[in-house]
Amino acid sequence: MEVVSSLVGKVVDSLFGVAKKEISHMWNCSKNVENLKHEVEKLSSMKGRVHQQIELAKSKGEVLLGGVEEWMKKADAKVSDATEFIVEEAETKKTCFNLRLCVNLSTLHRYSKSATKKTSLLRQHEGEGKVFETCVSLPTPAPRFIDLYQRKNLENIDTQKSTLKMIIQAIKDDKIQIVGINGLGGVGKTTLANEVAVKMKNEFADIVFIEVSQTIDTKIIQEKVRVAAMKIINGQKVLIILDDVWEELKLEEVGIPYGSEYMNCKILLTSRSRDVCEAMNAQANISVNPLQEKEAWVFFERVVGKSEWDDTLKKVAVKIVKECGGLPLFIQAIGKALKNKEIRSWEAALGRLQDPTDEDSPFKLKGIMQLKLSYDYLESEVAKSCFLLCSMFPEDGTIGLRRLTHYGLALGIFNNLDSNIQDAKDRVQVAVDSLKSSFLLLPGKEDEEVEEQEKFKMHDLVRDMAMLVTSKGNDKFWVQSGKGLIEWQPKKYLESYKKISLMGNKICKLSNHKLHFPHLDTFLIQDNRLLVIPDEFFQGMEKLKVLDMSDNHISSLPRSLKQLTELVTLDLSGNKSLVEISILGELTCLEILKLRRTGITNIPKEVAQLTNLRLLDVFFCDDLSYVTPGVISKLIWLEELYIRMKKGNCSFLAELSELKSLKNLQLTVPELDYIPEDFHFETLTEFHIKDVYYWYKKHHCKRILHISKISFPFTKAIMKLIQLSEMLKLWEIKDLDNILPDLYLEGFEELKYIELIGCDNVRSLVNELGQRKTKGKFFSQVEEINLEFLNRLELLWDRPYQYISFCNLMSIRITHCPSLLELFPVSVAQRLVNLRKLFVSKCESLVVVVSVGDEQASGSKSELIDTVFSLIRIWLDKLPKLESFYSGHSAINYPSLKFIGVCDCPSMKRWSYGDNHVPKLDIDRQEFNDYIAVQNETSDEWKLDDSKGEFSE
C-alpha cells in the first residue's frame, strides 16, 4: 500500500511540474516575445559587424575562413524567420483586443513556447558566430613574382598564344617532368615562361623563378630553391623555372629534386640553345618562333601607341617592322626609340636597319643589330658613353651610379673640365634615367650599401649589343668580366684596345713581365683573388686613366704603379691587407683615390703631393689612427672627403678650412673639437659628421650630425653645423637643458630628424621663449622625433605654443623617460596634421598622452569640437600610470587609424572621456572606451589592428 501511495505521489508531482511549465508559457508570453526581439537585435548587430569584417577582408584580397559565409546565410534566415514570427504574434494580439474577444489561452501558449524556442536558437547561433567578430579571413601572404607580373596582351598574336598552349599542355602531362623552351635571343622565351607561371599559379603549391645566366652561381641557386625543395620532398607540387640557361645545369648539384620519385616537381627551362635543353633531358623541347608579319605589326602598334597612320609614315613603319625579324624584344626597343619622332627619324632608322651585316661575327646577328638602333638614337653623348661603360660589368651584375661617375670623370666623357663631381653625378643620373626609359638599362636590386645611391643592370641581349659596338673603332673594349677566369695571359692583339675588364673572376696572379698596352686608358680587375701585383706589371700602360683593383687581397703596391703618371681614378677599396701607400704620392694627376676598407694605419705625407685630388675616400679603415699634419690642407681642390677613425689624433680637422671646394664631407672621428670655426659649412651640399663609431643604414637626409658624450655649450663650429643639419643626433650630452633656445639662434629651417638619447639634463625640447623673434615657426620641417633615456624630461615644450609648428611631423618615438607627464595639449595635437606613427614606452610617470591643456581651463570648448587626429599607428607600452590617451570630453575622429597596441598599462581604464570615431577599426564609437577598459583588465597585451602588421618604427 505504501509503495502505491509513493508512486501516486511522484506522478502527481510530475504532472504538477508539467502543468506549471505550460501555465508559465501562457503567463509569460509577452516577456518571451520581448526576449526574442532582443535576441533578433543582437544577432542582427553581430551579423552587421561580421559583414563589415567580410567586406574589409575582400577589399584586401584575403581568403575568407571556412564557415563564415554559411553562418551569414543562416543568420539571415533565422533573423527573417524570427521577424516574421514577431509580426505575426503582434497582429494576432492586435486583432484579438480590437474585437474585444477573450484571450485564447491556447494561442498564448503556442506563441510563448515558439518565442522561447526561437530565442534559444538565436542565442546558439550567436555563440557560433563569436569567432567571426574578430577574424573572418586569413592574412594575405606577401606577393610572389607572379602576383606582381603584368600580363602581356597576346590578342591577335597567335604564334605566342599557340606556343604558350603547347608549353602548358606539356607541363600538365604526367609523363613529362622537364620542359625546354628554346629560341633566338629576344624572341620572347622569358615572357612565355612568366605567362605560364601566371596561368598555372593555382595548380602549384609554389612557383620559383631563377635567372641562371652564363656564369652559374651554384650557391645562389641552392638558396633560391631551398624552401621549394622541401615542399617537393614532402609531396607538394612545385614548378621551378630556370631562365636563360647557357650550358647544362646539374640539377642535383643545385639542390633540385627530380626523377621518377619526384614527378610532383615540374621544371621549365629557357635557353637560346636547343642542345642545352636536350642535354638537360627535356622530355618536351618547344621552339619559340618569331612573330609573323601581321602579328609583329599588331605588337608594334601597341608599343608606339598608334592605330591610325599617315600613308607615307605607315609605308616606312611596315618596312621597319619587317626588318625587326619578328623579335618582340627588338620590336619594343625600336618602337620606344621611334615613338613620337618625326618621319625623317623613321626613314633614317629604316636605312640603318637595311645596312648589310657581317654574318661571320656572332655579335652581328641581325637581331642584335636591330637592338643597336636604340643606342644610335640616344640623343646624349654622355648617355652613350655611360651605356658602353656599363657593358664592362659582368652579365646580370649590378652597376653603381657613383662608380660609373668616377670612371666617366677620369675618361672625360662630360666634355667640361670645370664640372665638379656632383655635377658629373647629376649628369650620369640623367643619362641613366634616359637609358632606363629606352629599356637599355634595368633597375638593379636595392641594398643597404651606403656608398652607392643607385644601382642598375643590363639585359644580357642589350649587353651583347653594347659589346658589339665596343668591339670596333678606335675605342675598343675587351671584356671578360664574370667569366670564371683563374688566370689571364694577355695576347698581342690586345695592344690596340683601350679598355680591358677582367672584373668578377677568380684570377689569383698576373703576368710577371712587362706588358705593352700603349693605348689602354681603363683597366678593371676588381673582385678577383689577387694577392700580389708583379712589380713590372704596369710598365707599358702609361696612358692609363682608370684603374680599379678593389675587392682583391693585395697586400702591397708594385713599383711600376708610379709610372701611371696620367692616372685619374684609382680604386683600391676592399684590399684589407694593404697598409703601405706612400708610392701613391707619385701619381700627381690623380683626382679620385678610393682606399675604403683597406688596412692603412695612417695617411702619409706623400699624399700631400696629390694636389689635383678631388675625392679621397678612407672610410671603414678600421686601423686608421693618424693623418700626417699638413696633408689635408694641401689638397685644396678636394670636393669629397670620406674619413672614419676609431681612435687617434684629430688635429687634422683644423685643416678643413683650407678646402674651399669641399662639397661632401663624410666624417667619423673620436672628437670634433678641432673642426675650425672659420670653415664655410654652408658650402657643403652633403655631410655626415659624427663622433660615434656607429653604422647607419641609408637615410634620405643629406646633412647629418651625430655627437655624443661631450658637454654643452658646444664649440662655434658645432653650433654652425647644427644650424645646417637635416638630421641631428645627440647622445649623452652633459648640461644640455633643451633644443630651443640653447641650440638654435633663429629657427629650424633645415632640421628634419631629431634624436636625443641619454641627455640627463634635458627637461623639455623647448623652454620659455619670452619675447624672442623668429622669421617663422620652429620645428616646421621636422619629420621624425626620437627621444630615449631622458631621465628628467617632463614635457616636450613649454608655452607659448604659437611659435611652434610640427606641421610636417610624421613619427614620434619616446622611450625610457621616467619623468614625462604628458606629450602635448590637444591644441598642439590638432595641428600635427601629418603625424602617422606614435610610439611611447617605459615612461613611468606618464598620465596622459594628449591633455586638455588651456582650452578646458579657459572654458573654450568650441575649439574642441570635431577634433581630428591623422594617426595611423599607436603603440603604448609599459606605462604604469597612464590613465587615458586623451583626458578631455570632446569627440575625437581618427579617420586613418589602423593599429592600436597597448601593453602593460594597468591604470588605463578608458581611451578618452568622449566619443572616439575609428572607422578603420571594427568597433563602435560608443563601445570604444568600454572595450579598452575590458581588454586592459583581462590582458597584458592587446591590439586593435586592421592592417595585420606590427608597429614599424
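In this text, all values refer to a predicted model and were calculated from it rather than measured experimentally.

Visitor: Looking at this model, I keep getting lost on the packing of aromatic side chains. Mind explaining?
Guide: Each aromatic ring pair is summarised here by two numbers: the centre-to-centre distance and the angle between the ring planes. All chains considered together, the criterion is met by 21 aromatic pairs. Judged by centre distance (5.0 Å) and plane angle (40°), the ring pair of W297 and W309 falls under tilted. With W297 in helix α10 (residues 293-304) and W309 in the loop between α10 and α11 (311-323), this pair connects stretches of sequence that are twelve residues apart. By the burial criterion, W297 is buried, and W309 matches it.

Visitor: What should I look at first to understand the side chain of E606 in this one?
Guide: Its location among the elements puts E606 in the loop between β17 (602-603) and β18 (615-618). Take E606: its relative accessible area is 18%, and that puts it in the buried class. For E606, the contacting residues outside a window of four places in its chain are S582 and G585.

Visitor: Just checking my understanding: could you explain the nonpolar core for this structure?
Guide: In globular proteins that are soluble, nonpolar side chains generally tend to be buried together. Among the nonpolar cores identified, the biggest contains 141 residues, and W488, F523, L743, L876 and F885 are the most heavily contacted of them. Apart from the residues within four sequence positions on either side, W488 is in contact with W478, L494, I500, L502, I507, K509, L510, S511, F517, F523 and F537. Within the second largest apolar cluster, 47 residues are counted, among which are A383, I413, V428 and I592.

Visitor: Help me understand the pattern of salt bridges in this model?
Guide: Oppositely charged side chains are able to pair whenever their charged atoms sit close together. The final tally for this structure, using the stated rule, is 38 salt bridges. Its salt-bridge partner being D76, residue K47 comes within 3.1 Å of it at the nearest N-O pair. In this pair, K47 is assigned in helix α2 (residues 29-59) and D76 in helix α3 (residues 68-98), connecting sequence segments 29 residues apart. Overlapping salt bridges bring together E39, K42, R123 and E126 as one network.

Visitor: Where do I start with the packing of helix α15 (residues 381-390) against helix α16 (residues 401-411) in this structure?
Guide: Pairs of packed helices are described in terms of their axes, by the angle between the two and the distance that separates them. Direction vectors running N to C along α15 and α16 enclose 115°, while the axes themselves pass 11 Å from each other. Crossing geometry of α15 relative to α16 is assigned as right-handed. On the side of α15, the interface is formed by C386, L389 and C390, while α16 contributes L404, Y407, G408 and L411. Residues belonging to the contact of α15 with α16 are distributed by class as follows: six nonpolar, one polar and no charged.

Visitor: Please clarify how the confidence of the model for the chain should be interpreted in this entry.
Guide: Confidence in the prediction of the chain, expressed as mean pLDDT, is 84, and 85% of residues score 70 or more. Long-range and interchain partners of residues 356-364, a stretch whose pLDDT sits below 50, account for nine contacts in this model, where long-range means more than four residues apart. Predicted confidence for residues 856-864 stays below pLDDT 50, and this span has nine contacts to residues more than four positions away or in other chains.

Visitor: Would you explain the sheet that holds strand β34 (residues 892-893) in this entry?
Guide: Picture the strands of a sheet paired through backbone hydrogen bonds; they go either parallel or antiparallel. Spatially, three strands are ordered β31-β34-β36 in an open sheet, and the strand pairing comes out parallel. The sheet is open, and its two edges are formed by β31 (867-868) and β36 (916-917), each paired on a single side. By the bridge criterion, two bridges tie β34 to β36 in an arrangement that is parallel. Its bridge partner lying in β36, N893 is registered against H917.

Visitor: Looking at this structure, how should I read the environment of A296?
Guide: Looking at the element boundaries, A296 is found in helix α10. Those residues in contact with A296 that sit more than four places away from it in its chain are L291, V321 and I331.

Visitor: For this particular structure, what's the right way to read helix α7 (residues 189-199)?
Guide: For an α-helix, the turn length of 3.6 residues means that residues three or four places apart are oriented alike. Most of α7 sits inside the fold, with eight of its eleven residues counted as buried. Residues of α7 that are buried: K189, L192, A193, N194, E195, V196, A197 and V198. At its buried positions, α7 is contacted by α5 (145-148), α6 (158-172), β3 (178-182), β4 (206-213), β5 (238-245) and β6 (265-271).

Visitor: I'm lost on unusual backbone geometry in this one. Help?
Guide: As a rule of thumb, non-glycine residues mostly have phi less than zero, and peptide bonds are mostly trans rather than cis. Here F712 and P713 are connected by a cis peptide whose omega angle stands at 10°. Looking at the secondary structure, you find P713 in the loop between β23 (703-708) and α20 (716-724). One non-glycine residue, D396, lies in positive phi territory at about 65°. Locating D396 in the fold gives a position in the loop between α15 and β8 (399-400). Overall, D396 belongs to the partly exposed group, its relative accessible area being 22%.

About the criteria used
- Residues numbered from 1 in each chain as written.
- Predicted model: local features only at pLDDT ≥ 70, side-chain atom pairs only at ≥ 80, totals over all residues.
- Heavy atoms only, no water.
- Phe/Tyr/Trp six-rings, centres within 6.5 Å; stacked < 30°, edge-to-face > 60°.
- Helix = DSSP H or I, 4+ residues; strand = E, 2+ residues; numbered from the N terminus.
- Buried < 20%, exposed > 50% of the residue type's maximum accessible area, 1.4 Å probe, protein only.
- Contact = heavy atoms within 4.5 Å.
- Core = buried A, V, L, I, M, F, W, Y, C linked by side-chain atoms within 4.5 Å.
- Salt bridge = Lys/Arg side-chain N within 4 Å of Asp/Glu carboxyl O.
- Axes fitted to C-alpha atoms, helices over the stretch in contact; angles between N-to-C directions.
- Left-handed = near helix turned anticlockwise from the far one by under 90°.
- Nonpolar A, V, L, I, M, F, W, Y, C, P; charged D, E, K, R; others polar.
- pLDDT = per-residue confidence, 0-100.
- Pairing = 2+ DSSP bridges.

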